There are 2 protein chains.
Amino acid sequence: MIQSDRALACCAPLAREPMTADQAEQVSGLLKAIADPVRLRLMSMILSHQGGEACVCDLNDAFDLSQPTISHHLKVLHQAGLLDREKRGTWVYYKAKPEALSAMNTLFATAGRQPS
Amino acid sequence: MIQSDRALACCAPLAREPMTADQAEQVSGLLKAIADPVRLRLMSMILSHQGGEACVCDLNDAFDLSQPTISHHLKVLHQAGLLDREKRGTWVYYKAKPEALSAMNTLFATAGRQPS
DNA sequence: CGTCTATATTGACACAGGCCGATATACGGT
DNA sequence: ACCGTATATCGGCCTGTGTCAATATAGACG
């Protein structure tokens with residue numbers, strides 16, 4: 001049900017040429033997912049954790065929010081294609097998808113001009 | 001009234017260490033501003049335009065939206081610190097701020113591991 | 001000064017989305 | 001089978017935001 005694998009692929013630098021409406025729709029999906037303080041912290045925690053993954057149980061405790069709320073945010077990140085989900089026994093581990101990061105990185109590449 | 005000059009400065013890579021709540025709040029301001037399909041296209045159009053700037057009159061015509069709506073989106077981008085505004089005669093030109101782009105670029109830097 | 005054009009502001013509306021409590025599901029241990 | 005723990009889903013509330021029509025502001029030009 002992950003929706004934006006296309007978005008992960010389609011990211012030319014913003015400055016390269018005007019985006020089409022469709023591209024913008026795709027990419028904004030990714031960005032909306034990460035443009036939230038809680039989800040930013042979640043991504044940051046997961047990314048900077050050992051192996052780029054973390055257990056939900058650890059993440060819950062780091063916030064002053066209810067467990068369902070954290071679960072909701074993780075779902076948003078997962079559906080956007082930013083996190084992979086893996087269940088190991090009782091626990092669930094979310095893992096950052098490097099492609100997503102590098103897609104964003106490319107999007108904001110400051111190279112106004114490409115060597116063609 | 002530009003609010004997030006601090007945000008432009010404070011962007012360590014997401015993967016470097018867990019963000020604080022304050023940092024996340026700052027950065028999410030930037031990302032929220034650009035996480036909209038119309039604003040993405042606006043940024044892209046401005047960035048890929050000659051000199052990294054464009055006249056509002058050109059931007060209005062590129063969308064199927066009312067003039068006040070485009071004006072609103074430009075204001076959001078300006079207040080977030082992503083665009084500079086300059087009035088020349090009757091026309092207003094918005095210009096991309098390179099620091100903003102490179103801040104985002106750094107934020108999503110894919111350097112998971114630092115040589116310690 | 002009056003008028004035309006370019007851009008911004010205001011007010012209203014509809015919809016999206018963050019949050020919680022309650023509840024459901026799934027798994028491990030006894 | 002039962003219970004406790006970990007995570008997800010549901011329903012509802014409330015705030016935030018994208019959009020428009022109407023109006024305001026500001027500059028250019030006669």
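What this report covers is the structure whose coordinates are included nearby. (Residues numbered from 1 in each chain as written. Chains lettered and ligands numbered in written order. Predicted model: local features only at pLDDT ≥ 70, side-chain atom pairs only at ≥ 80, totals over all residues. Heavy atoms only, no water.)

**Notes on the protein's contact with DNA strand C**
What surrounds DNA strand C is a group of 24 residues, the closest being Thr69 and His73 of chain A together with Gln67, Arg85 and Tyr94 of chain B. Within 4 Å of the protein, the contacting atoms of DNA strand C are drawn from sugar and phosphate to the extent of 75%. Contacts to DNA strand C include Tyr94 of chain B, whose side-chain N or O atom sits 2.8 Å from a phosphate oxygen. Secondary structure elements with two or more residues in the surface near DNA strand C: helix H5 (67–79) of chain A together with helix H4 (56–61), helix H5 (67–79) and strand E3 (91–96) of chain B. Among the residues making up the surface near DNA strand C, the classes are represented as 9 nonpolar, 9 polar and 6 charged. (Near = heavy atom within 4 Å. Polar contact = N/O pair within 3.5 Å; in protein donor to acceptor, adjacent residues only side chain to side chain. Helix = DSSP H or I, 4+ residues; strand = E, 2+ residues; numbered from the N terminus. Nonpolar A, V, L, I, M, F, W, Y, C, P; charged D, E, K, R; others polar.)

**Observations regarding the state of the cysteines**
Joining two cysteines, a disulfide is a covalent bond between their sulfur atoms. Residue and element names in this part refer to chain A. Across all of its chains, the model carries 2 disulfides over all chains by this definition. Bridging Cys55 to Cys57, the disulfide has an S-S length of 2.4 Å. Taking the torsion about the S-S bond as the criterion, the Cys55 to Cys57 disulfide, at about 130 degrees, is right-handed. Of the residues examined, Cys55 reaches a relative accessible area of 4% and is grouped as buried. (Disulfide = S-S within 2.5 Å. Buried < 20%, exposed > 50% of the residue type's maximum accessible area, 1.4 Å probe, protein only.)

**Details of the sheet that holds strand E2 (residues 83–88) of chain A**
The strands that make up a sheet pair up through hydrogen bonds in the backbone, lying either parallel or antiparallel. All names here are of chain A. Reading across from one edge, E1-E3-E2 is the order of the 3 strands in this open sheet, with antiparallel pairing throughout. The sheet is open, and its two edges are formed by strand E1 (53–55) and E2, each paired on a single side. Shown here is a sheet whose adjacent strand axes are inclined to one another by a mean of 25 degrees, direction ignored. The sheet contact formed by E1 and strand E3 (residues 91–96) spans 3 bridges and is antiparallel. By the bridge assignment for E3, Glu53 is matched with Lys95. (Pairing = 2+ DSSP bridges. Axes fitted to C-alpha atoms, helices over the stretch in contact; angles between N-to-C directions.)

**Concerning the relation of the copies chain B and chain A**
By a simple turn and slide, chain B fits onto chain A: the slide is 0.0 Å along the axis, the RMSD is 0.0 Å, and the turn is 180 degrees. On this basis, the relationship between the two copies can be described by a two-fold rotation axis. Residues of chain B ranked by C-alpha distance from the rotation axis are headed by Asn105 of chain B, positioned 2.6 Å from it. Of all interface residues in chain B, 97% are interface residues in chain A too; the two copies therefore contact each other through one and the same surface. (Least-squares fit on C-alpha atoms with pLDDT ≥ 70 in both. Contact = heavy atoms within 4.5 Å.)

**Let's talk about H5 of chain B**
All names here are of chain B. Taking 1.5 Å per residue as the helical rise, H5 with its 13 residues ought to reach 18 Å, and the 18 Å between its terminal C-alpha atoms agrees with that figure. Contacts from the buried residues of H5 go to helix H2 (21–34), helix H3 (37–48), H4, strand E2 (83–88) and E3. Directly beyond the C-terminal end of H5, a positive phi value near 90 degrees is found at Gly81. (Expected span 1.5 Å × (residues − 1).)

**Regarding the sheet that holds E3 of chain B**
All names here are of chain B. Taken in spatial order, the 3 strands make up an open sheet running E1-E3-E2, and their pairing is antiparallel. Each edge of the open sheet is held by one strand with a lone partner, namely strand E1 (53–55) and E2. Each adjacent strand pair in this sheet contributes to an overall mean axis angle of 25 degrees, direction not counted. The strands touched by H3 are E1, E2 and E3; relative to E3, the strand with the most contacts, the crossing angle is about 90 degrees. Running at roughly 120 degrees to E2, H5 makes contact with E2 and E3 of the sheet.

**Topic: the packing of H3 of chain B against H5 of chain B**
Residues and elements named next belong to chain B. Put simply, H3 and H5 touch, their axes get as near as 10 Å, and they point 75 degrees apart. What the angle tells us is that H3 and H5 run roughly perpendicular. Where H3 abuts H5, its residues Val38, Arg39, Leu42, Met43 and Ile46 lie against Ile70, His73, Leu74, Val76 and Leu77. For the contact of H3 with H5, the class distribution of residues is 8 nonpolar, 1 polar and 1 charged. (Parallel < 35°, antiparallel > 145°, perpendicular 65-115°, else oblique.)

**A closer look at the pattern of salt bridges**
All names here are of chain B. Inspection of every chain in the model, using the stated rule, returns 4 salt bridges over all chains. For the salt bridge of Arg88 with Glu53, the shortest nitrogen-to-oxygen distance reads 2.8 Å. Taken together, the positions of Arg88 in strand E2 and Glu53 in strand E1 put the pair 35 residues apart, joining distant regions of the chain. Here Glu86 makes a salt bridge to Arg88, at a shortest N to O gap of 3.3 Å. (Salt bridge = Lys/Arg side-chain N within 4 Å of Asp/Glu carboxyl O.)

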